[in-house]
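An overview of the molecular structure
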Amino acid sequence: MLRALVELVRAPAGLTVPGDVLAGAAAAGDLRVGRAVGLSASSICIYWAGMALNDWADRELDAVERPERPIPSGRVPAQTAFNLAAGLTAGGLALSALSGGKSTLATSTALAATAWAYDVYAKNTLAGPAVMASARALDVLVGAGPKRRRALAPALAVGTHILAVTTLSRGEVHGGTPTPARASLATTAALALAVSTPQRGTEGRGTRPLTALGRVIAAALVSPPPHATPGRGAIVSSPRQSGVGWGVAAALAGWFARGVVPAQLAAAREPDAAHVRRAVGAGIHGLVPLQAAWVARAGAPWVGAGLALAFPVVKALAKKVSST
């Protein structure tokens, strides 16, 4: 039963969740360890709840299209999956309240409601990808606590990436057309460029001028918000530290692109179900270096580099338990 439950909640994919929280926390200037750990655990619980609820909601369809999944194969009763989803949601919200207070609990509640709405109502509608993207963007804002405005850029970046991945995932069973994979490729290029674009004041002599596309993306995603007066746990970067952060962010952006582009190219050339599933899996795993790049960019390059170490771990575990 334990193995079946691990498959049900896609347990290893939960390692892609703490990066959302850390990206938001770094942008808000609050990387206190206890808070970050508590909110990461909260969001992992909500993520796992969404996976269990997903399979509960899809149990009849999966009996035809994916009979090997835990519920249609008879390894996990449908009621057990639903109860697990409800319990994990409640646990996640409790952890959010304990770790982040009322403001963070409000965002986590919106996150949980969005996840449940996606699984039960929106998934198979035109709005499905946008609802899923909203959930991951909200997860970034969970990390920011009351300073949500300062985390809008990484939230938008993560949400945009998940929008492309979720749109592509609609061809996982029967295949699709090249268009979603090509859109994913364009999204990957834009996001990698955006997070590796130097902030004002960090450019040096060797920095190449931004292209017109770079300026557009920078305006939309990476213009730094007005900074509040630093408080406990705030990140205050010197120009030299900011330069290091940009360099680490650029390296991680390259790792992100390298991790997802080959599978996306293959799906664009041959969009059958197998290639699409590989591209979706690569997109899910690729969240980690993308999140890490935003953490580094916010002034915590070594935290970002540490987070990125989860990337090969997630990829290795996905060979044992599917992320999709």
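Reference entry: report on the structure contained in this document. (Residues numbered from 1 in each chain as written. Predicted model: local features only at pLDDT ≥ 70, side-chain atom pairs only at ≥ 80, totals over all residues. Heavy atoms only, no water.)

**Examining unusual backbone geometry**
Despite not being glycine, arginine 10 has its phi angle at roughly 50°, a positive value. Mapped onto the secondary structure, arginine 10 falls in the loop between α1 (2-8) and α2 (18-28). (Helix = DSSP H or I, 4+ residues; strand = E, 2+ residues; numbered from the N terminus.)

**Here we look at the nonpolar core**
Counting 43 residues, the largest nonpolar core has Leu111, Val140, Ala151, Leu252, Phe256, Trp294 and Val295 as its most contacted members. The contacts of valine 295, once residues within four sequence positions are left out, are Leu22, Ala23, Ala26, Ala300, Val303, Gly304 and Leu307. Core analysis: the second largest hydrophobic core is formed by 13 residues, Ala49, Val76, Ala85 and Leu88 among them. (Core = buried A, V, L, I, M, F, W, Y, C linked by side-chain atoms within 4.5 Å. Buried < 20%, exposed > 50% of the residue type's maximum accessible area, 1.4 Å probe, protein only. Contact = heavy atoms within 4.5 Å.)

**As for the pattern of salt bridges**
Summed over the entire model, instances satisfying the criterion amount to 10 salt bridges. With a closest N to O distance of 3.5 Å, arginine 69 and aspartate 55 form a salt bridge. In this pair, arginine 69 sits in the loop between α4 (59-65) and α5 (78-122) while aspartate 55 sits in helix α3 (residues 33-57), placing the two residues 14 residues apart along the sequence. The same class applies to arginine 69 as to aspartate 55, namely buried. We note a salt bridge from glutamate 172 to arginine 66, for which the minimum N-O separation is 3.7 Å. With a gap of 106 residues between them, glutamate 172 in the loop between α7 (152-168) and α8 (178-196) and arginine 66 in the loop between α4 and α5 connect regions that are remote in the sequence. The exposure class of arginine 66 is buried, given its relative accessible area of 12%. (Salt bridge = Lys/Arg side-chain N within 4 Å of Asp/Glu carboxyl O.)

**Some words on the packing of aromatic side chains**
Counted by the stated rule, this structure contains 3 aromatic pairs. An angle of 85° between the planes, with centres 5.8 Å apart, marks the rings of phenylalanine 82 and tryptophan 116 as edge-to-face. Its relative accessible area of 26% is what places phenylalanine 82 among the partly exposed residues. Between tryptophan 255 and phenylalanine 311 the ring centres are 5.2 Å apart and the planes differ by 80°, which places this aromatic pair in the edge-to-face class. Of this pair, tryptophan 255 sits in helix α10 (residues 239-269) while phenylalanine 311 sits in helix α14 (residues 310-318); the two residues are 56 residues apart in sequence, bridging distant segments of the chain. The partly exposed category is assigned to tryptophan 255, whose relative accessible area is 34%. Taking relative accessible area as the criterion, phenylalanine 311 reaches 3% and is therefore assigned buried. Three or more aromatic residues joined by ring pairs form one cluster here, namely Trp56, Phe82 and Trp116. The lysine or arginine in question, arginine 59, covers the ring of tryptophan 56, its NZ or CZ lying 4.5 Å from the ring centre. (Phe/Tyr/Trp six-rings, centres within 6.5 Å; stacked < 30°, edge-to-face > 60°. Lys NZ or Arg CZ within 6 Å of the ring centre and 35° of its normal.)

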